[in-house]
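# Architecture at a glance
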2 protein chains.
Amino acid sequence: MTDLFPKKGHDHDRCIDSAIAQAEKVCEAENARFTDMRRKVFSLIWQSHKAVTAYELLDALQAEGQRVQPPTVYRALEFLTDLGLVHRIESLNAYFGCDQPDCDHLGQYFICTRCGRVAETVDEDVSIAVRKAAKQVGFKIEATTVEIKGLCHDCTTH
Amino acid sequence: MTDLFPKKGHDHDRCIDSAIAQAEKVCEAENARFTDMRRKVFSLIWQSHKAVTAYELLDALQAEGQRVQPPTVYRALEFLTDLGLVHRIESLNAYFGCDQPDCDHLGQYFICTRCGRVAETVDEDVSIAVRKAAKQVGFKIEATTVEIKGLCHDCTTH
DNA sequence: GGTGATATGTTATAATATATCATTTCTTGA
DNA sequence: TCAAGAAATGATATATTATAACATATCACC
Ligand SMILES: [Zn+2]
Ligand SMILES: [Zn+2]
Ligand SMILES: [Zn+2]
Ligand SMILES: [Zn+2]
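Bear in mind the structure is a predicted one, so any value in this text is a computation, not a measurement.

### Some details on the protein's contact with DNA strand D
- Within the structure, DNA strand D sits among 19 residues, and Arg-33, Tyr-55 and Arg-88 of chain A together with Thr-35 and Arg-75 of chain B are positioned closest to it.
- Taken together, the sugar and phosphate atoms account for 53% of what DNA strand D places within 4 Å of the protein.
- Between DNA strand D and Tyr-55 of chain A there is a distance of 2.7 Å, counted from a base nitrogen to a side-chain nitrogen or oxygen.
- Between Thr-72 of chain B and DNA strand D, the recorded distance is 3.1 Å, taken from a side-chain N or O atom to a phosphate oxygen.

Below is the structure:
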């Protein structure tokens, strides 16, 4: 068993720094501008491993004294999700930071209903099973949403 | 290849009648009341094989002259989804009728982006792969959302 | 430095969902 | 049968999530 979720006392600053570094790389590769606002929103999303809502981000920005409106947040989120730097959790209407933005992320999301954290995996067996199921019914896949709710390992044992 | 989606010219009245008959059975078995409002909402959902939003249902009810408010629709939807007669498609904020309410529906949903129809499958291989992926990371599953968007067989060939 | 493209600001509003309390309808058992 | 309690619906208000439309600012490039 390898827990996808980070350990309790882990150095989260490293998560943040690494995520930002990766985001910079992706933006550069895509010739996309990692503006102050986008960087700010991205950092806020990475403050935890939980999914955050657009309005939580808005509140956080406003708490810092910025006069930000919803469209600003949604635009940043659109930019980040389009680049695969952030994923939207459909069943939560919330967003969280991708820790492997390089991969082609037809990912699956584990969502802990106790601690609220989200972890992403790109499980080949799941992908294969989904593709096979689609093929069996003559369905041409464009996108998949696989969201699994339950208890993370920490939350089952503590 | 067995298309999950109904044929174009199929007798949809039979779909509706059968769905209502099944719903009556389920409600009776659960000792739940299939009231006029719930039956009405259920029928409206079954007017097509597409997923419909709560407010589309509300509009349809109001168009019939009823003075219905959102809570009434959401209550009916909650009742129906709790019984497994209707499923919510998270990525669409919409609802559609289950055609196999007896099974334990850890189902997967195929959503055609062209014709808008939804079809449900309960694919064991997908379920197994998801359970295995969860086990590998020590995650205890409570619920799963598997929504697959793309083109149904009809829409790829016509 | 001027110009077009991109990003953000601003205002308004659309779309989805729920909280709360009042009223009606149903069930059930004295 | 009908009174009491439970369940469902009505009604009002509001919370939450998201986008449209147009103005302004910033950036990239020549
Ligand atoms: Zn971390
Ligand atoms: Zn947890
Ligand atoms: Zn039909
Ligand atoms: Zn189709």
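### Observations regarding the interface of chain B and chain A
- Listed as interface residues are 40 residues of chain B and, on the opposing side, 40 residues of chain A.
- Summing both sides of the interface, chain B and chain A together bury roughly 3100 Å²; the carbon and sulfur share of this comes to 60%.
- Linking chain B with chain A are two salt bridges, by the criterion used here.
- With a shortest N-O distance of 2.4 Å, Lys-132 of chain B and Asp-125 of chain A are connected by a salt bridge.
- Counting across the interface, chain B meets chain A through 16 residue pairs in polar contact (both at pLDDT 80 or more).
- Every element with two or more residues in the side of chain B that touches chain A is listed here: β3 (108-112), α5 (124-136), β5 (140-151) and α6 (153-157) of chain B.
- Residue contributions to the side of chain B that touches chain A peak at twelve residues, all from β5 of chain B.
- Each residue belonging to the side of chain B that touches chain A can be placed in one class, and the counts come to 19 nonpolar, eleven polar and ten charged.
- Bridging between strand β5 (residues 140-151) of chain A and β5 of chain B involves eleven bridges; their strand directions are antiparallel. By the bridge assignment for β5 of chain B, Val-146 of chain A is matched with Val-146 of chain B.

### Digging into the coordination of the zinc ion (ligand 2)
Residue and element names in this part refer to chain A.
- Distances from the zinc ion (ligand 2) to its protein donors, Cys-112 (SG), Cys-115 (SG), Cys-152 (SG) and Cys-155 (SG), fall within 2.2 to 2.4 Å.
- Geometry at the zinc ion (ligand 2) is tetrahedral, judged from the four donor atoms that bind it and their angles of 102 to 114° at the metal.
- Read from N- to C-terminus, the donor residues coordinating the zinc ion (ligand 2) fall into the pattern C-x2-C-x36-C-x2-C.
- Taking the relative accessible area as the measure of exposure, Cys-155 reaches 6% and is therefore buried.

Here is what the cut-offs are and how they apply
- Residues numbered from 1 in each chain as written.
- Chains lettered and ligands numbered in written order.
- Predicted model: local features only at pLDDT ≥ 70, side-chain atom pairs only at ≥ 80, totals over all residues.
- Heavy atoms only, no water.
- Near = heavy atom within 4 Å.
- Polar contact = N/O pair within 3.5 Å; in protein donor to acceptor, adjacent residues only side chain to side chain.
- Contact = heavy atoms within 4.5 Å.
- Buried area = accessible area lost by both parts, 1.4 Å probe.
- Salt bridge = Lys/Arg side-chain N within 4 Å of Asp/Glu carboxyl O.
- Helix = DSSP H or I, 4+ residues; strand = E, 2+ residues; numbered from the N terminus.
- Nonpolar A, V, L, I, M, F, W, Y, C, P; charged D, E, K, R; others polar.
- Pairing = 2+ DSSP bridges.
- Donors = N, O, S within 2.8 Å, 3.2 Å for Na, K, Ca; no water.
- Tetrahedral: all angles 85-135°; square planar, octahedral: opposite > 155°, others 65-115°.
- Buried < 20%, exposed > 50% of the residue type's maximum accessible area, 1.4 Å probe, protein only.

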